[in-house]
Amino acid sequence: MSAATGTAREGLLASYEYLDSTVDTITELREKGFEEITAFAPFPEHHIEHALGYHHSPVRLFTLVGGLTGAAAGFAFTVFTSMDWPLVTGGKPIVAIPAYVIPAFEMTILFGALATVIGVLYNMRIPDLKGDVVYDPDFSSGKFGIYVTAPPEQMGTVRSILETHEPTQIQTDPKGRSHG
Amino acid sequence: MATATEKPRGAQTHPDIRSYGEVNEDILQMLSRPGKWWWVLLGMSIAGIGLLAFSWGNQIINGIGVSGLNTPVGWGAYITTFVFWVGIAHSGTLISAVLFLFRARWRQSIYRAAEAMTVFAVMTAGLYPLIHLGRVWHAYWLFPYPNQRLLWPNFASPLVWDVFAVTTYFTVSSLFFLLGLIPDIAAARDQSKVGTLRHRLYKAISFGWRGTDRQWHHFGKAYLYLAALATPLVLSVHSVVSWDFAMSIVPGWTTTIFAPYFVAGAIFSGIAMVITILVPIRKIFGLEKYLTTKHFDAMAKLCLVTGLVVFYAYLTEFFMAWYSGKPSERAVFWNRAFGSYWWATWIMLTCNGIIPIMLWFKRVRYSIPALFVITLFINIGMWFERYVIIVTSLSHEYIPFAWNVYRPSLTEMGIVIGTFGWFFFWMLLFIRLLPPVALAEIKEVLPPPMRPKKKEVAR
C-alpha cells in the first residue's frame, strides 16, 4: 500500500467517532479504487482489518522458526556437552534423552518467544521515533482515523467520500506520506 | 458490516463505563495522583527492603551459619519462600495467556496487574537461590557453562532444569508484559504534557506506536502466539520446581502427583495474591467500574477449583503414605500431622483446605472484604504448605540418628519478611508509572460506538 514512486501525492486525515462510519468509509474508498489507506484505532478492531483485507501475519513464521531453532539448539547443547566428557554414572546411558527434553522444551519456548517479539517489531515497523508521521493523539483515546493518499487531481473525490460518512475532523497533509 | 449485537446492560462486562475516552481518563489519572496511602505503603516497602539488606548483609559477612540451616535440613525458609514466590508468579500468566486463549472476557480488567505481579514475583523468587548460595559472589556458577576442567553441568539434574525453567519464565513473562504495554504507554504518552520527563519516558518506551491497522494486525497475532507459547511454559515451570523434590528419594517427596499438585497450588496461591492486591488498589484508586464484583466472583471461583485440587492432593498424599505400607513414608506423614511440625501442617490444612470452603457461597464470593480476608489466609497457608513439604521431609529422613528439628533464625525471618517489601516496592512503582489496567483491551470488550439510527424510536 505504499505510494507509487514518481507521482506526486497529497493526503487527507479524517477522524471518526463511530466504528461503522469508519468501516463504511474504508469499504467505499476501496470500491472506488483508493488503496493507499492507513486506519487508526484505539484497540484492535476486526471489522477494520476485514475491510482492509488482512489475512495472515508473517509473524507466525518467526514463531515457528524460532521455536524449532530452540528445540534443535536445546537438544544439541545437552547432547554434545554430555558427549564432550563421557562420564558413566550408575551404568546409565551418557545421553539421557528423556531428561534433556526439559531443557530443550524450555529453549523451544524461549527462542520462540524471542523470535516472535523480533518478528512483531519488525513487521510493525517499530521502534520508529523519527516523529515525521501522520497521527492524532485522539486515536489512542477514543477516535478512529483514516489517512488516505492519492494524486492531487483525485483529492476532491477522496474528500467527498470521507465527508459523506460524517467525520469529526478532516486535516490536509500536503506531503502525502507513505503508508508504513 | 455486521452490526454489533446490543446486549442488555447486565450482560456487559463493564456496565458503568460510558465511552472510550472515559477509560483513558480514569486509568491514566492513577498515574498522576498518588495519594497518602500510596506513600505510606511505599515507606513500608522501603523499610522492608532495608530489613532485607540488613539481614542478607549479616549473612554475607558472617556466613550461612547465621541461618538455622544445618544437617539434615539444608533447605529451609529460603527454598520455601522461593517456591512460594514462583507459585505466586503463576496466576499472572494463567490470567493473561490461558484465559486469553479461552476467551474469558473477565480477564481484561485484571490481567495487566496480574502480569506485573508475575514479573515482580519471579524477580523476588530469583533472589532466593542467590541468598541460599551463601557465597553469593559465586552466583554465576549457576549458568550452564563448563568449569575449569571443561566439565559441563549435569543436564539430567532437576536443579539445572530449574535454572532453565525459571530464567525462561522470567524472560517470556517480561516480554509478554512489555509487548502488551506498548499501546497503553502510547496512550499515556498522548495524554502527558509535552516536554515533561514523563512524556519523554513514555515516548521512548512506546516505540512510536500509532495504532495503525498494520500495527494492530501484527500485534494481535503476535499476542496470540506468545499466549500459545506461555501456556505450556507456565505448566512446565512449576512442574520443574516440583521435580526439584519429586526426583529425589526423600520420603514425602518422591511421588508422581507432585507436578499437577504443585501447578494447582501455584495457581491457587497466585489467584489469591491477585485478589489480595487488587482489593486495596480498587479501593484506593476508585476502580469500582473496572473491577466489578463479577470479576472478583470469577477469580474466587478459580480459587475454589484449584483449592479443591490442592486439598484433594493433601488427602491423597496421606492416604498413599498409609496405603503404600512403607515405614519411611508412614513415619514422615505421621510426623507431619502429629510430630514436631504439627502446627505448620494444621495451619496449612486449615488455610488451604477448610477456609476456602466458604467460597462455595455466592454471598461470600460477592463480598470484597470477605474475599480479602480469605485470600490472606490462603497466602499464609500456601507458604506453610511449602514449609511443611520441605522441612518435615528433610528433618525426618531414613536415618533416625540424623533426625533433627529445624527452626528459622532471626536472619532468615528478616530476609523472608524483607522480600515482601522488595516485591511490593516494584508493585507500587508499577501502578504509578505504567497503566495498571489494560486500556486497549477494556475497550475491546465495551460495546463499540455506532452511528445513531436516523429514526430512533422513543423509549
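Treat the numbers as computed from the prediction; the structure is a model and nothing was measured.

Undergrad: Pulling in residues and values, what's your account of the domain arrangement of chain A?
TA: Here chain A is partitioned into domain 1 (10–55 + 136–173) and domain 2 (59–124). If you average the C-alpha positions of domain 1 of chain A and of domain 2 of chain A, the two centres end up 45 Å apart.

Undergrad: Explain the interface of chain B and chain A to me, and be specific about the residues and the numbers.
TA: Each side of the interface is counted separately: chain B has 51 residues, and chain A has 55 residues. Listing elements by their share of the side of chain B that touches chain A, those giving two or more residues are α1 (20–28), α6 (158–191), α8 (213–246) and α16 (439–445) of chain B. Examining the composition of the side of chain B that touches chain A, we find that 17 residues originate from one element, α8 of chain B, more than from any other. Tallied by class, residues from the side of chain B that touches chain A come to 30 nonpolar, 13 polar and eight charged.

Undergrad: Tell me about the sheet that holds strand β1 (residues 10–16) of chain A, and please be specific about residues and values.
TA: All names here are of chain A. An order of β2-β3-β1-β4 is seen for the four strands of this open sheet, with the pairing classed as antiparallel. In this open sheet, the two edge strands, each paired with only one partner strand, are β2 (37–40) and β4 (169–173). Here the strands of the sheet are splayed against their neighbours by 15° on average, with no regard to which way each runs. In the packing of helix α1 (residues 19–31) onto the sheet, contacts are made with β1, β2 and β3 (144–150), and the angle to β3 comes to roughly 15°. Contacts between helix α5 (residues 155–164) and the sheet are confined to β1, β3 and β4, with β1 contributing the most and set at about 5° to the helix.

Undergrad: So, helix α3 (residues 77–101) of chain B: which residues are in play, and what are the values?
TA: Given 3.6 residues to a turn, an α-helix orients residues that are three or four positions apart in the same direction. Taking 1.5 Å of rise per residue, the 25 residues of α3 of chain B would be expected to cover 36 Å, and the 36 Å separating its terminal C-alpha atoms lies within 8% of that figure. With its phi angle positive at about 55°, R103 of chain B sits one or two positions after the end of α3 of chain B.

Undergrad: Give me the packing of helix α10 (residues 293–324) of chain B against helix α12 (residues 342–354) of chain B: which residues, what numbers.
TA: Residue and element names in this part refer to chain B. Where α10 contacts α12, the axes come no closer than 9 Å and their chain directions differ by 140°. With respect to α12, the element α10 is oriented oblique. Between α10 and α12, the contacting residues are G307, V310, F311 and Y314 on the first element and L349, N352 and G353 on the second.

Undergrad: How would you explain the nonpolar core if you had to name every residue and give the values?
TA: Ranked by size, the top nonpolar core spans 170 residues in total, and within it M117 and V274 of chain B carry the most contacts. Residues lining this core come from more than one domain, with at least three contributed by each of domain 1 (10–55 + 136–173) and domain 2 (59–124) of chain A. Beyond its immediate sequence surroundings of up to four residues, M117 of chain B is in contact with I88, G92, M273, V274, I277 and M427 of chain B.

Undergrad: Account for unusual backbone geometry, with residues named and values stated.
TA: Cis geometry marks the peptide bond from I126 of chain A to P127 of chain A, where omega comes out at 5°. If you trace the backbone, P127 of chain A turns up in the loop between α4 (97–124) and β3. Positive phi, close to 55°, is recorded for E166 of chain A, a residue that is not glycine. If you trace the backbone, E166 of chain A turns up in the loop between α5 and β4. Of the residues examined, E166 of chain A has 13 C-beta atoms within 10 Å and is grouped as partly exposed. Although it is not a glycine, F207 of chain B sits at a positive phi angle of roughly 60°. Relative to the elements of secondary structure, F207 of chain B occurs in the loop between α7 (197–205) and α8.

The rules behind each value
- Residues numbered from 1 in each chain as written.
- Chains lettered and ligands numbered in written order.
- Predicted model: local features only at pLDDT ≥ 70, side-chain atom pairs only at ≥ 80, totals over all residues.
- Domains from an automatic or database assignment.
- Contact = placed C-beta atoms within 7 Å.
- Helix = DSSP H or I, 4+ residues; strand = E, 2+ residues; numbered from the N terminus.
- Nonpolar A, V, L, I, M, F, W, Y, C, P; charged D, E, K, R; others polar.
- Pairing = 2+ DSSP bridges.
- Axes fitted to C-alpha atoms, helices over the stretch in contact; angles between N-to-C directions.
- Expected span 1.5 Å × (residues − 1).
- Parallel < 35°, antiparallel > 145°, perpendicular 65-115°, else oblique.
- Core = buried A, V, L, I, M, F, W, Y, C linked by C-beta atoms within 7 Å.
- Buried ≥ 20, exposed ≤ 12 C-beta atoms within 10 Å, placed from the backbone.

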